[in-house]
Amino acid sequence: MLVFLIRRIALAIVTLLLLTIIVFALSNVLPGDVGRQILGPFAPQESVDELNKRLGTDQPLYKQYIEQMKRYAQGDLGESYKTRESVTHVIGTTFLNSAKLAFLALIFTVPLAILAGVWAALKRGSLFDRVMVTVSLAGSSLPEFVTASFLLVVFAVQLAWFPTLASTNDPSGPIDQLWRLALPVFALVIVYFGYIARMARAGVITAMEADYTRTAFMKGLPRGVVIRRHVLRNALLPTISVVATQTGYLFGGLLAVELIFNYNGLGRELVRAAVSKDLPVLSAGVLLIGVVYMIATLLGDILISILNPRVRLGDQ
Amino acid sequence: MGVIEDEIPAVPPLPGEKLASSSEKKKARNEKIRLFFKSPSAIIGMVIIGIWLICAIGGTAISPYDPLAPDGMSHSAPLVDGHILGTDQLGRDVLSRIMVGARDVLIAAPLAAVLGVAFGSLLGLLMGFYRGVLDDVLGRIIEAFLVLPLTLVGLLALSAAPSWSIIPGVEPSTGTVIIVVGLLFTPIVARTVRAAVLSERENDYVQAAKLRGETGLYIMTREILPNVTSPIIVEFTVRIGYAIFAIATLSFLGVGIQEPTPDWGLMIAQEYRLVIGGYWWTTVFPAIAIASLVIAVNLIADRLQEVMEL
């Protein structure tokens with residue numbers, strides 16, 4: 001177990017290092033003059049040079065990368081090109097809001113999707129199964145902003161059941177806040193339900209056809225016991241890793257959903273940063289979401305290795 | 001959107017009819033084509049794509065109004081003043097903009113998919129065939145790439161990327177989007193193709209070619225590639241679906257296709273805030289257009305995958 005854990009964490013560190021290089025490279029595709037970009041075309045050359053010197057953007061790229069990593073390691077994410085605010089502050093506050101939204105979405109999606117997936121697999125070929133497969137396929141193949149704008153038009157404007165804005169700025173009570181988050185959470189549930197439900201369904205179908213399940217039935221065990229003890233325990237392992245990866249990807253879906261419902265989360269902040277070319281905010285936010293993904297998949301792998309000895313003892 | 005999609009094994013609601021083992025490859029292929037065209041979902045998908053293709057090819061010649069010309073009557077409701085789907089805040093006809101907007105996405109999405117599948121297949125072939133250090137290093141980089149959701153990397157790359165006007169006849173902003181989305185597809189395609197190559201390379205025919213003294217290039221292109229075309233074709237159709245998804249989302253987020261090109265995602269970006277004031281048609285109709293195209297491509301991709309795996 002310990003060996004498995006150490007190896008898995010070492011791998012995650014290598015991936016994280018590569019990720020910082022990828023993000024740095026992508027944000028420096030444009031060999032632009034950062035000082036000029038911030039100050040505009042009419043600023044005198046001396047102040048542009050001075051700003052570049054202060055930001056360190058007059059250095060060669062590899063030196064800039066090393067400097068940036070040193071600062072990141074000390075918890076200093078730099079300052080926004082646009083507002084001069086500390087990136088740590090901007091990202092920190094908006095990330096907490098996004099995490100709240102993501103958490104709410106997950107606690108609705110995961111149990112619902114697993115139940116639906118397992119039920120569909122046990123009733124394979126039934127009307128419920130067909131509807132579940134079609135609906136989940138449609139839900140997860142549509143872009144988040146399309147789903148979210150349908151919800152906005154139908155539930156917030158035409159029916160006026162929910163507020164159109166999800167921002168948490170007003171000092172309302174927790175119930176009211178939950179009510180405001182209902183539609184964005186609903187949009188995320190629709191999108192992420194499909195992957196998890198179909199994985200659970202596929203897992204159960206595979207396990208139902210496996211030899212050990214046939215043996216269990218032939219031993220004369222009651223159907224309920226076979227399903228609980230033999231089928232579900234094996235079938236839901238792959239679902240755990242899908243839940244983990246989807247937790248990471250959920251933050252990608254937040255971009256559009258937060259924008260549509262004008263929610264002051266990390267997604268909306270990153271879109272703002274991208275449109276105004278505020279690269280320190282954007283690249284720090286992208287890295288943070290990468291780290292969330294890696295932590296989620298790491299926890300998923302650990303959970304699987306606890307539940308399934310074959311994984312942790314397998315390749316030693 | 002999740003990359004994990006590709007790892008979900010396709011299990012049809014009912015066991016499909018198994019193909020009788022036939023020694024003739026051609027017969028099996030014809031049977032697959034027949035099965036593909038027999039499925040109602042694939043037909044529906046092709047009809048929808050056909051309609052959008054007509055709109056894309058016809059363009060301004062068949063659209064009722066000029067998609068860029070304001071009518072003077074700003075924001076008229078559907079079916080008022082001869083505008084079937086209404087007009088937007090500048091008084092431009094929504095139906096015409098949607099029809100002409102099909103052109104852009106139907107050029108951009110397949111091109112991005114071609115780019116991603118070409119580079120990805122090349123990398124996948126090299127990694128799967130040579131293994132070793134090359135495979136390890138590239139594999140690690142690919143894993144790191146896949147940590148980030150596609151929309152997010154796209155956002156970062158496009159906000160930093162210059163406008164490339166290197167594809168003739170395509171707007172610079174569209175050209176940039178095609179190249180960025182195509183390149184971002186490369187890692188995931190490479191992973192899929194690598195897996196397919198790995199299961200082929202131990203086969204006798206590859207060993208025989210090696211013993212004959214064929215070069216690596218020959219074995220990869222003449223021996224292995226023809227045997228991994230099924231996963232590559234499936235990957236290509238799946239990628240077109242994701243490309244539509246990604247291009248629409250990035251345009252909606254404001255870093256993709258730019259004005260004056262009429263684009264569905266961009267149309268929603270410019271109009272969704274007005275939904276609150278009751279101007280729903282400028283958001284809902286382009287959203288329906290995106291939804292119909294994405295679902296159509298997915299119906300075809302799903303059916304193709306089922307048929308190929310028989």
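Look a little higher up for the structure.
Residues numbered from 1 in each chain as written. Chains lettered and ligands numbered in written order. Predicted model: local features only at pLDDT ≥ 70, side-chain atom pairs only at ≥ 80, totals over all residues. Heavy atoms only, no water.

J.: Mind laying out the overall build of chain A, listing which residues take part and the relevant values?
T.: From N to C terminus, chain A includes 14 helices and zero strands. Shown N-terminal to C-terminal, the secondary structure of chain A runs as helices and strands in the order α-α-α-α-α-α-α-α-α-α-α-α-α-α. Along the first, second and third principal axes, the C-alpha set of chain A runs to 85 × 60 × 35 Å. When the 316 residues of chain A are sorted by exposure, 50% land in the buried category. If you take every contact in chain A between residues at least 6 apart in sequence, the share linking residues at least 24 apart comes to 70%. Summing over all exposed atoms, chain A offers an accessible surface of approximately 15000 Å²; the carbon and sulfur share of this is 68%. (Helix = DSSP H or I, 4+ residues; strand = E, 2+ residues; numbered from the N terminus. Buried < 20%, exposed > 50% of the residue type's maximum accessible area, 1.4 Å probe, protein only. Contact = heavy atoms within 4.5 Å. Areas by Shrake-Rupley, 256 points an atom, 1.4 Å probe, with all protein chains shown as cover.)

J.: I'd like a rundown of the pattern of salt bridges, residues and numbers included.
T.: Scanning all chains against the criterion turns up 13 salt bridges over all chains. Between Arg272 of chain A and Glu269 of chain A there is a salt bridge whose closest N-O contact spans 2.8 Å. Residue Arg272 of chain A and its partner Glu269 of chain A are both found in helix α12 (residues 266-275); the two are separated by three residues, about one turn of the helix. Its relative accessible area of 15% is what places Glu269 of chain A among the buried residues. Of the charged contacts in the structure, one is a salt bridge between Glu202 of chain B and Arg201 of chain B, with a shortest N-O distance of 3.1 Å. (Salt bridge = Lys/Arg side-chain N within 4 Å of Asp/Glu carboxyl O.)

J.: Any chance you could break down a positive patch on the surface for me, citing the residues and the numbers?
T.: All names here are of chain A. Together, Lys219, Arg228, Arg229 and Arg233 line one region of the surface with positive charge. You can see Arg229 is positioned in helix α10 (residues 223-235). Given a relative accessible area of 56%, Arg229 falls into the exposed group. (Patch = residues over 30% accessible without salt bridge, like charges linked within 9 Å, V, L, I, M, F, W, Y side chains within 5 Å. Lys, Arg positive; Asp, Glu negative; His and termini not counted. Charge placed at Lys NZ, Arg CZ, Asp CG, Glu CD.)

J.: Let's hear about the packing of aromatic side chains: which residues, and what values?
T.: All names here are of chain B. Here the structure, examined in full by the defined rule, presents twelve aromatic pairs over all chains. Counting every residue linked through ring pairs, the aromatic cluster contains Tyr279, Trp280, Trp281 and Phe285. Stacked on the ring of Phe185, the Lys or Arg Arg239 has its end atom at 5.1 Å from the ring centre. (Phe/Tyr/Trp six-rings, centres within 6.5 Å; stacked < 30°, edge-to-face > 60°. Lys NZ or Arg CZ within 6 Å of the ring centre and 35° of its normal.)

J.: So what's going on with the interface of chain B and chain A? Residues and values would help.
T.: Contact with chain B, which involves 55 residues of that partner, is made by 61 residues of chain A. Linking chain B with chain A are zero salt bridges, by the criterion used here. Summed over the shared surface of chain B and chain A, the number is four residue pairs in polar contact (both at pLDDT 80 or more). Only α4 (132-145), α5 (150-160), α9 (229-252), α10 (264-271) and α11 (281-308) of chain B provide two or more residues apiece to the side of chain B that touches chain A. Top element by residues in the side of chain B that touches chain A is α11 of chain B. It accounts for ten residues. Broken down by class, the residue content of the side of chain B that touches chain A amounts to 43 nonpolar, eight polar and four charged. (Polar contact = N/O pair within 3.5 Å; in protein donor to acceptor, adjacent residues only side chain to side chain. Nonpolar A, V, L, I, M, F, W, Y, C, P; charged D, E, K, R; others polar.)

J.: Please give an account of the packing of α5 of chain B against α9 of chain B that cites residues and values.
T.: All names here are of chain B. Where α5 meets α9, the closest approach of the two axes is 10 Å, and the angle between their N-to-C directions is 55 degrees. Taken together, α5 and α9 sit at an angle that is classed as oblique. The hand of the α5/α9 crossing is right-handed. Seen from α5, the contacting residues are Leu150, Thr151, Gly154, Leu155 and Leu158; seen from α9, they are Ala246, Thr249 and Leu250. Split into classes, the residues belonging to the contact of α5 with α9 amount to five nonpolar, three polar and no charged. (Axes fitted to C-alpha atoms, helices over the stretch in contact; angles between N-to-C directions. Parallel < 35°, antiparallel > 145°, perpendicular 65-115°, else oblique. Left-handed = near helix turned anticlockwise from the far one by under 90°.)

Function cannot be read off these values alone, since they describe shape.
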